[in-house]
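Chain by chain, the residues run as shown.
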Amino acid sequence: MKSKGQAAFYAIAGGYLLYLAYQLFGGRMDNAGEDYVMALLFSIFFAVAGTAILVYTAIMYQKILKKEAQELAEPEESAELKLEEEVQKETPKKEEDHLAEEEQF
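Not measured: the values here are computed from a predicted model.

## Some points on the overall build of the chain
- Looking only at helices and strands, the chain has two helices and zero strands in total.
- Counting all 105 residues of the chain, 12% fall into the buried class.
- Residue pairs in contact within the chain that sit at least 24 positions apart in sequence constitute 74% of those at least 6 positions apart.

Here you go:
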């Protein structure tokens, strides 16, 4: 199971890649020739990768929250089901006891 901590780590990594892209893009004017092209390409790559990681993290975090909400709802439902089962078990016993009492008279 993926945890909230793992989602936070991914978010930090995605944010850092976006930061690197920004720094490379901002410093591209200091470079000339091939360095300029490489800085531009890597800044685009880091921007795309960082954005993809952040989107993936958002989706993963939503799934984690949804699963936690379902897990919190399940104990309430199971408690209600157990209560209904106990009532159903006791009801036939009471009828049987009542029938047994009638037979004794």
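## Points about the environment of F46
- By the secondary structure assignment, F46 is in helix α2 (residues 34–104).
- Spatially, the C-alpha atom of F46 lies 8.8 Å from that of Y22, the residues being 24 residues apart in sequence.
- The residues touching F46, leaving out its near neighbours within four places in the chain, are L17, L18, L20, A21 and L24.

## A short note on helix α1 (residues 4–26)
- Here α1 contains 23 residues, and its C-alpha end-to-end distance of 33 Å stays within 8% of the 33 Å for a straight helix at 1.5 Å per residue.
- What α1 keeps buried is the set A7, G14, L17 and A21.

## With respect to the pattern of salt bridges
- Per the stated rule, a full pass over the model turns up one salt bridge.
- Taking the shortest distance from any N to any O, the salt bridge between E68 and K4 comes out at 3.5 Å. Taken together, the residues E68 in helix α2 and K4 in helix α1 connect sequence positions 64 residues apart.
- Looking at E68, the relative accessible area reads 27%, which means it is partly exposed.

## Considerations on the packing of aromatic side chains
- All chains considered together, the criterion is met by four aromatic pairs.
- Look at Y10 and Y56: their rings are 6.0 Å apart centre to centre, the planes differ by 45°, and that puts the pair in the tilted class. Placement of the pair is Y10 in helix α1 and Y56 in helix α2, with a sequence separation of 46 residues.
- On the accessibility criterion, Y10 (24% relative accessible area) is partly exposed.
- You can call Y56 partly exposed: its relative accessible area is 40%.
- Seen in terms of ring centroids, F42 and F46 are 6.0 Å apart; in terms of plane orientation they differ by 45°. Their pairing is tilted. Note that F42 and F46 are positioned in helix α2 at a spacing of four residues, about one turn of the helix.
- Taking relative accessible area as the criterion, F42 reaches 38% and is therefore assigned partly exposed.
- By relative accessible area, F46 is classed as buried at 19%.
- Site record: aromatic cluster; members linked through ring pairs are F42, F45 and F46.

The rules behind the values
The residue numbers shown here count from 1 along each chain, following its written sequence. Local features are withheld for residues below a pLDDT of 70 in this predicted model, meaning they are given only at 70 or higher, and side-chain atom pairs are given and counted only at 80 or more; totals for whole chains, interfaces and linings count all residues. Neither water nor hydrogens contribute to the side-chain values; these are computed over all heavy atoms in the structure. Only runs of H or I of at least four residues qualify as helices and only runs of E of at least two qualify as strands under DSSP, and these elements are numbered from the N terminus. Exposure categories follow from relative accessible area, calculated using a 1.4 Å probe and restricted to protein chains: below 20% of the type maximum is buried, above 50% is exposed, and the middle band is partly exposed. Any two residues having at least one pair of non-hydrogen atoms within 4.5 Å are treated as being in contact. Multiplying 1.5 Å by the residue count of a helix minus one yields the expected span of that helix. Salt bridges are defined by distance alone: a side-chain nitrogen of Lys or Arg within 4 Å of a carboxyl oxygen of Asp or Glu. Ring geometry is summarised as follows: Phe, Tyr and Trp rings, the Trp one being its six-membered ring, pair when their centres sit within 6.5 Å, and such pairs are stacked at plane angles under 30 degrees, edge-to-face over 60 and tilted between the two.

Don't take any of this as a statement about function, it's just geometry.
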